[in-house]
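Working through the structure, step by step
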Number of protein chains: 2
Amino acid sequence: MDSKQKARYEAQAGIIKALAHPSRLFIVEELNRQKRCVSELTEMIGVDTSTVSKHLGILKNAGLVLHEKKGTTVYYQLRMPCLLDFINCVESVMEANALGQMETMISCKIK
Amino acid sequence: MDSKQKARYEAQAGIIKALAHPSRLFIVEELNRQKRCVSELTEMIGVDTSTVSKHLGILKNAGLVLHEKKGTTVYYQLRMPCLLDFINCVESVMEANALGQMETMISCKIK
DNA sequence: TTCTTATTTGGCAATATTGCCAAATAAGAA
DNA sequence: TTCTTATTTGGCAATATTGCCAAATAAGAA
């Protein structure tokens, strides 16, 4: 793997890492529904405001969300709606995993 | 967020975390092209065999790859091809980021 | 059986991520 | 100006991830 390729995979991994957290996935899904400010998201998630702010910072830094300020309130929105197709794919992995486990269980019972 | 929802986001994040590493992204793309054994991937990536084996273990554990043994060699393959659509989405985020930076630069020059 | 080759596992140090608290900043209201 | 409300930043301890080396395991060959 040459260094250009390596840099590309590192950049991709950076973006994916930004998604790889339960609260941030929740934020992405919620922001797909509508714009939300930090305190709204904080209440929904149920962790410290500073923690939510940092999660939003990570998403912003990865280029996944946009923000706009209205008074003291900051509204965030999803930048790339294609992210949801991706989450659907993750869901199908989860389904396939569950099915696989089911099959294993059943074939054990039969034997 | 109730505990069921929370569990779902944690499961999703678990799968995404499995993808969130440069070497593992390379592996996923390469396995989409063809089945590969550990030593082939090791040579392509250029890290210790044990490291590659652990990366494959992480992907296997997340249900992203399947494996079959032939003699002493273990061949891995991609389980969910939809993962590539997802990587395409990540690429479009990267493009959008690059475009955004370009715009910022240009608008600075104009002013 | 022993030898070889492929892979996995255990253990560890180096590094990265997380989530809290406290403090700083920002902007409108009084 | 001070007060309040919303958000971000700094710092830190707890936890998770990474990648190496060494050792273990697995299976065919001699």
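Look up a bit, the structure's there.
Figured I'd write up the structure that's included with this text. No experiment lies behind these values; they were computed from the predicted model shown.

A closer look at the relation of the copies chain A and chain B
With an RMSD of 0.0 Å, the fit of chain A onto chain B corresponds to turning through 180 degrees and sliding 0.0 Å along the axis. Interpreted geometrically, this transformation is the action of a two-fold axis. For chain A, the minimum C-alpha distance to the rotation axis belongs to F86 of chain A and amounts to 2.4 Å. Same-surface contact between copies: 100% of interface residues of chain A are shared with the interface of chain B.

A short note on the interface of chain A and chain B
Chain A puts 37 residues into the contact, and the matching count from chain B is 37 residues. Between chain A and chain B the total buried area reaches about 3,400 Å² when both faces are included, carbon and sulfur atoms providing 73% of it. Contact with chain B buries area across many residues of chain A, yet M1, Y9 and I16 of chain A alone supply 17% of it, more than any other trio. For the pair chain A and chain B, the number of links is four salt bridges. Taking the shortest distance from any N to any O, the salt bridge between R8 of chain B and E29 of chain A comes out at 3.7 Å. Across the contact surface, chain A and chain B share 14 residue pairs in polar contact (both at pLDDT 80 or more). Of all the secondary structure elements, the ones that give two or more residues to the side of chain A that touches chain B are α1 (3–19), α2 (22–33), α3 (38–45) and α5 (83–110) of chain A.

Digging into the packing of α5 of chain A against helix α1 (residues 3–19) of chain B
α1 of chain B packs onto α5 of chain A with a crossing angle of 100 degrees between their chain directions and a minimal axis gap of 10 Å. Regarding the angle of α5 of chain A to α1 of chain B, the classification is roughly perpendicular. Residue-level inspection shows F86, I87, V90, E91, V93, M94 and N97 of chain A of α5 of chain A in contact with α1 of chain B, the latter providing R8, A11, Q12, I15 and I16 of chain B. Looking at side-chain class alone, the contact of α5 of chain A with α1 of chain B contains eight nonpolar, two polar and two charged residues.

A few points about the pairing of strand β3 (residues 73–78) of chain A
Residue and element names in this part refer to chain A. Where burial is concerned, the two faces of β3 differ: the one with V74, Y76 and L78 is buried and the one with T73, Y75 and Q77 is not. Bridge count for strand β1 (residues 36–37) against β3 is two bridges, and the pairing is antiparallel. In the strand pairing of β3, R36 is matched with Y76. When strand β2 (residues 65–70) meets β3, the two strands line up antiparallel, connected through six bridges.

About the cut-offs
- Residues numbered from 1 in each chain as written.
- Chains lettered and ligands numbered in written order.
- Predicted model: local features only at pLDDT ≥ 70, side-chain atom pairs only at ≥ 80, totals over all residues.
- Heavy atoms only, no water.
- Least-squares fit on C-alpha atoms with pLDDT ≥ 70 in both.
- Contact = heavy atoms within 4.5 Å.
- Buried area = accessible area lost by both parts, 1.4 Å probe.
- Salt bridge = Lys/Arg side-chain N within 4 Å of Asp/Glu carboxyl O.
- Polar contact = N/O pair within 3.5 Å; in protein donor to acceptor, adjacent residues only side chain to side chain.
- Helix = DSSP H or I, 4+ residues; strand = E, 2+ residues; numbered from the N terminus.
- Axes fitted to C-alpha atoms, helices over the stretch in contact; angles between N-to-C directions.
- Parallel < 35°, antiparallel > 145°, perpendicular 65-115°, else oblique.
- Nonpolar A, V, L, I, M, F, W, Y, C, P; charged D, E, K, R; others polar.
- Buried < 20%, exposed > 50% of the residue type's maximum accessible area, 1.4 Å probe, protein only.
- Pairing = 2+ DSSP bridges.

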